[in-house]
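The residues making up each chain are set out below.
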Amino acid sequence: MSLFYYIIKMILTILLLVLTVTIVLIIVLLTLSAEVKLPKISLNEDGKFVDSTGNEVILRGVNISHKMYPYTYGDVFLTPISEHINYIKSNLGFNSIRLAICWDAIEPTPGNYNDNYINSIFGTVNFFQKFGIYTLFSFQTNAYAINSGGWGNPNWSIMNPNDTVSDIGFPGILFGGAQDGEGGTISLTLSNTVDLFWANTPYLGTGIRDRYYDMVLYFLGRIKNNSLIRDAIQGIDFQNEPWPGTRWIEALATADRPPPVPDLFGDYYEWSAAGTVVLDTDILEPHYKDFIEKYREKFSGKDFIIYFQPFLIFGSGCPANLNFNNILTNVSDTQVVFNFHNYAEQSSVCFNNAQTVLSSYTKSNNNILGIYMSEFGADPTTAGWGADIIELTDQGRYSYNYWVYLQKLDFFFSEGSPPYPSQSIYTNPEIPFDSQYINENISQGLSTPYPKSVPGEITSYGLNTDDNFEVLFQLKNFNSLRISVPYRYFSNNSYNVEIYKNSILEKNLSNIRQTDLSISLFYISLNDNVNVILV
């Protein structure tokens, strides 16, 4: 009797153990397979980025660009993509990637959308999301299309396909009518192609510009229907570096007419004091107005943040004054961003010009305008941008993306432009991840702390007079404060954290080595002023 009892007891014990192990394995597997979801980004009433938890967010990151067919990202990184993304997240401390996509890939033939390409791009976004990184989609084009000497738009969208283009390379090919440096002038063919786009020239019964709008709207619809990745999208960069076409010469100062040899990376053109103001009124404002009204017919104004750029030459210091009151006049409750590039000899020029655009907007109809710098750098040293531009972004609380972490392309640059591998942080896209291909000059210049997510209203952040990183804000909720602290900031040593409430030291954290610092502030009252200093 007793032997039988012990056998039954042993069997039950084993069964209980197996059941316990099974339950634990199920919990582990469910945890591992659980979807990683980022809180949705929007703009607050002041045009600052906030997430759905109520925290103010600063976005910093890089560009990644694949400009070779089939334009997907699975074959850009020859080792597991995680090695690159982990470097972007931990070594650089970034939480944003501006990802180049293009019309040619989405609509390779008129009216036929490539869902396989879109699905592949969504997979890339979800991978970024698992690392806590948002994606800014950027509809890219350089020199319009492959058959016009560049890439981005489909060849079928060229409305003057039989005309010959110059072979001077990008960006020189854009400057039709300028001297080519060899005794001739750069062909106007590409400029005419762009003019035909602005004129909404009909193609198979539909204007070519309308076709572009339809393509973007289709892509947005695919995002909205994808619950896995839609909140991981920080916005849509509607059209990268638009070009005025043949009228670009109107932005030149009288002294530079007729235009000399173009060199955006050397001796800059002298732009007129008015810059592209007239061109903005005649070309860009109607273009953006047409799109935003079509967008709002299909989507809520809070479904996406739409980023609008000035003309390409803004990035070299040419003034602009896009009037967003004109662009948004017929819509309400819509979130847009003035998105600029900064390649000027004096980076403060672009910042000042951008602030002019922002300050000229008068808020109406609950439309909100933010500001963002999605490109700067493109220089193998920090001489062309350096610490000054990082300091200015801190002072203005700008979010940004550096150009570029990694890119692949098969068109060529004009003489005098930095060769494209040297523009990159990772300089050899053909080689699996290896730290010897990291450009340390660029990496060091970018590796600075910043507040990723702040439970309140940021007053300021950056290096203080003691050369320590400091963030000041007014507490508005009890979410965690998150600060990005790149490895380079503390290297082989740790750092300390001082937390002040209303200028009185409240807490001191010692020997911290976290790259993604998270601090709970439950012991501080709402509306108190908080200073957090990394020492």
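**A short note on the overall build of the protein chain**
Thinking step 1. In terms of regular secondary structure, the protein chain is built from 12 helices and 21 strands.
Thinking step 2. Counting the 535 residues in the protein chain, one finds 53% classified as buried.
Thinking step 3. In the protein chain, 72% of the contacts between residues at least 6 apart in sequence involve partners at least 24 apart.
Thinking step 4. Accessible area of the protein chain: about 22,200 Å², with a carbon and sulfur share of 52%.

**Some remarks on the pairing of strand 21 (residues 529–534)**
Thinking step 1. Burial runs high along strand 21: 5 of the 6 residues are buried.
Thinking step 2. Judged from the 6 bridges that link them, strand 16 (residues 469–475) and strand 21 form a sheet pairing that is antiparallel. In the sheet register, Val 471 faces strand 21, and the bridge partner there is Val 532.

**A few points about the pattern of salt bridges**
Where side chains of opposite charge bring their charged atoms close, a pairing between them can arise.
Thinking step 1. Counted according to the given criterion, the structure contains 16 salt bridges.
Thinking step 2. Measuring nitrogen to oxygen at the nearest pair gives 2.2 Å for the salt bridge that ties Arg 60 to Asp 394. Here Arg 60, found in strand 4 (residues 60–67), pairs with Asp 394, found in helix 10 (residues 386–396); they are 334 residues apart in sequence, far enough to count as distant.
Thinking step 3. Here Arg 60 falls in the buried class, since its relative accessible area comes to 0%.
Thinking step 4. A salt bridge links Arg 98 to Asp 237, with the shortest nitrogen-to-oxygen separation between them at 2.7 Å. In this pair, Arg 98 sits in strand 5 (residues 96–101) while Asp 237 sits in strand 9 (residues 233–237), placing the two residues 139 residues apart along the sequence. We note that Arg 98, like Asp 237, is buried.
Thinking step 5. Salt bridges sharing common partners tie together Lys 89, Lys 452, Arg 482 and Asp 516.

**So, the confidence of the model for the protein chain**
Thinking step 1. Residues of the protein chain with pLDDT of at least 70 account for 90%, and the chain-wide mean is 90.
Thinking step 2. Low pLDDT (under 50) marks residues 20–34, which in the prediction has 0 contacts with non-local residues, meaning those over four places away or in another chain.

**Some points on helix 2 (residues 81–91)**
Thinking step 1. Restricting attention to buried positions, one finds in helix 2 the residues Ile 81, His 84, Ile 85, Tyr 87, Ile 88 and Ser 90.
Thinking step 2. Note on helix 2: the residue one or two positions beyond its end, Gly 93, has a positive phi of about 80°.

**Focus: the pairing of strand 20 (residues 516–519)**
Thinking step 1. Every second residue of strand 20 is oriented toward a common face, the buried set being Leu 517 and Ile 519 and the non-buried set Asp 516 and Ser 518.
Thinking step 2. Here strand 17 (residues 481–484) runs beside strand 20; their pairing, made up of 4 bridges, is antiparallel. When the bridges of strand 20 are listed, Leu 481 appears paired with Ile 519.

**A short note on the packing of helix 6 (residues 208–224) against helix 7 (residues 277–298)**
A pair of packed helices is characterised by two quantities: the angle between their axes and the separation of those axes.
Thinking step 1. Across the interface, helix 6 lies against helix 7 with an axial gap of 10 Å and an inter-helix angle of 40°. The angle between helix 6 and helix 7 falls in the class oblique. As helix 6 packs across helix 7, the resulting crossing turns out to be right-handed. When helix 6 is examined against helix 7, the residues Arg 209, Asp 210, Tyr 213, Val 216, Leu 217 and Leu 220 are found in contact with a partner set consisting of His 287, Asp 290, Phe 291, Lys 294, Tyr 295 and Lys 298.

**Regarding a nonpolar patch on the surface**
Thinking step 1. Side chains of Phe 478, Phe 522 and Leu 526 sit close together on the surface and give an oily, nonpolar patch of about 340 Å² of accessible area.
Thinking step 2. When you line up the elements, Leu 526 lands in the loop between strand 20 and strand 21.
Thinking step 3. Using a relative accessible area of 41% as the deciding quantity, one classes Leu 526 as partly exposed.

**Quick look at helix 7**
An α-helix turns once every 3.6 residues. As a result, residues three or four positions apart point the same way.
Thinking step 1. Counted at 1.5 Å a residue, the expected span for helix 7 with its 22 residues is 32 Å, and the 30 Å between its end C-alpha atoms agrees.
Thinking step 2. Where helix 7 bends most, at Leu 284, the angle is about 35°, and the proline Pro 286 comes one to four residues later.

**Remarks on the environment of Asn 112**
Thinking step 1. Summarising the element assignment, Asn 112 is placed in the loop between helix 3 (103–106) and helix 4 (115–130).
Thinking step 2. In the structure, Asn 112 is positioned 103 residues away from Met 215 in sequence and 9.5 Å away in space, judged by C-alpha atoms.
Thinking step 3. Other than its neighbours up to four places away in sequence, Asn 112 contacts Ile 106 and Glu 107.

**Quick notes on the environment of Glu 56**
Thinking step 1. Inspection of the secondary structure assignment puts Glu 56 in strand 3 (residues 56–57).
Thinking step 2. Judged by relative accessible area, Glu 56 falls into the buried class, the value being 4%.
Thinking step 3. Note: C-alpha distance between Glu 56 and Lys 476 (420 residues apart in sequence) is 10.0 Å.
Thinking step 4. Setting aside residues up to four positions removed in sequence, Glu 56 forms contacts with Lys 48, Phe 49, Val 50, Arg 397, Lys 452, Ser 453, Val 454, Gly 456, Glu 457 and Ile 458.
Thinking step 5. Of the polar contacts made by the side chain of Glu 56, one reaches the backbone nitrogen of Ile 458; its length is 3.1 Å.

**Points about the side chain of Asn 126**
Thinking step 1. Mapped onto the secondary structure, Asn 126 falls in helix 4.
Thinking step 2. Only 3.1 Å separates the side chain of Asn 126 from the side chain of Gln 129, close enough to count as a polar contact.
Thinking step 3. Not counting the four nearest positions on each side in its chain, Asn 126 is found in contact with Leu 228 and Ile 229.

**Some remarks on the packing of aromatic side chains**
Given two aromatic rings, one states the distance between the centres and the angle between the planes to describe the pair.
Thinking step 1. On inspection of all chains with the given rule, the structure shows 49 aromatic pairs.
Thinking step 2. Ring geometry for Trp 243 against Trp 248: centres 6.1 Å apart, planes inclined by 35°, an arrangement best described as tilted. The burial state of Trp 243 is the same as that of Trp 248; both residues are buried.
Thinking step 3. Aromatic pair Phe 340 and Phe 351: ring centres 5.9 Å apart, planes at 80°, arrangement edge-to-face. Taken together, the positions of Phe 340 in strand 11 (residues 335–342) and Phe 351 in helix 9 (residues 347–359) put the pair 11 residues apart, joining distant regions of the chain. Across this residue pair, the class does not change: Phe 340 and Phe 351 are buried.

**Focus: the sheet that holds strand 15 (residues 456–463)**
Thinking step 1. Strands sit in the order 15-16-21-18-19 across an open sheet of 5 strands; the sheet is antiparallel. Two strands in the sheet have a free side with no partner beyond their single neighbour: strand 15 and strand 19 (504–512). Here the average twist between neighbouring strands, direction ignored, is 15°.

**Overview of the nonpolar core**
Thinking step 1. Counting 155 residues, the largest nonpolar core has Phe 137, Leu 220, Ile 306, Tyr 405 and Leu 446 as its most contacted members.
Thinking step 2. Not counting chain neighbours up to four residues away, the residues in contact with Leu 446 comprise Leu 92, Phe 94, Phe 376, Trp 385, Ile 390, Tyr 400, Tyr 402 and Ile 425.

**Details of the side chain of Ser 453**
Thinking step 1. Here Ser 453 shows up in strand 14 (residues 450–454).
Thinking step 2. Among the polar contacts listed, one links the side chain of Ser 453 to the side chain of Asn 55, at a separation of 2.8 Å.
Thinking step 3. Those residues in contact with Ser 453 that lie beyond four places of it in its chain are Asp 51, Asn 55, Glu 56, Ser 480, Leu 481 and Arg 482.

Analysis parameters
In this convention, every chain numbers its residues from 1, walking through the sequence in written order. Residue-level local features of this predicted model are given only where pLDDT is at least 70; pairs of side-chain atoms are given and counted only at 80 or more, and the full residue set underlies all totals for whole chains, interfaces and linings. Values reported for side chains reflect all heavy atoms of the structure, with hydrogen atoms and water molecules removed beforehand. Under the DSSP-based scheme used, a helix requires at least four consecutive residues in state H or I and a strand at least two consecutive residues in state E, with every element numbered from the N terminus. A 1.4 Å probe rolled over the protein chains alone gives each residue an accessible area, and that area as a share of the maximum for its type sets the label: buried under 20%, exposed over 50%, partly exposed in between. Contact criterion: two residues are considered in contact whenever any of their non-hydrogen atoms come within 4.5 Å of each other. A 1.4 Å probe and the Shrake-Rupley method give the accessible areas. Residues count as covered only by the protein chains that appear here. Criterion used throughout: strands pair if DSSP finds at least two bridges between them. Take a side-chain nitrogen of Lys or Arg and a carboxyl oxygen of Asp or Glu: if they are within 4 Å of each other, that pair is a salt bridge. Per-residue confidence from the predictor is given as pLDDT, running between 0 and 100. To get an axis, a line is fitted to the C-alpha atoms, and for a helix only the part in contact is used. The angle between two axes follows their N-to-C directions and goes from 0 to 180 degrees. Any angle from 65 to 115 degrees is called roughly perpendicular, while one under 35 is roughly parallel, one over 145 is roughly antiparallel, and all others are oblique. The handedness criterion is simple: a crossing whose near helix is rotated anticlockwise from the far helix by less than a right angle is left-handed, and one whose near helix is rotated clockwise is right-handed. Each patch is built from residues that are more than 30% exposed by relative accessible area and take part in no salt bridge. Like charges join if they lie within 9 Å; nonpolar side chains (Val, Leu, Ile, Met, Phe, Trp, Tyr) join within 5 Å. Given the number of residues in a helix, its expected span is that number minus one, multiplied by 1.5 Å. The term bend refers to the angle at a residue between two fitted axes, each drawn through seven residues, those ending there and those starting there. Here a polar contact is taken to be a pair of N or O atoms separated by no more than 3.5 Å, where protein atoms must pair a possible hydrogen donor with a possible acceptor and residues adjacent in sequence count only if both atoms sit in side chains. Stacked, tilted and edge-to-face are the three classes assigned to paired rings of Phe, Tyr and Trp, where Trp is represented by its six-membered ring and a pair needs centres within 6.5 Å; plane angles under 30 degrees give stacked, over 60 edge-to-face, the rest tilted. Residues belong to a common nonpolar core when they are buried Ala, Val, Leu, Ile, Met, Phe, Trp, Tyr or Cys residues joined through side-chain atoms within 4.5 Å.

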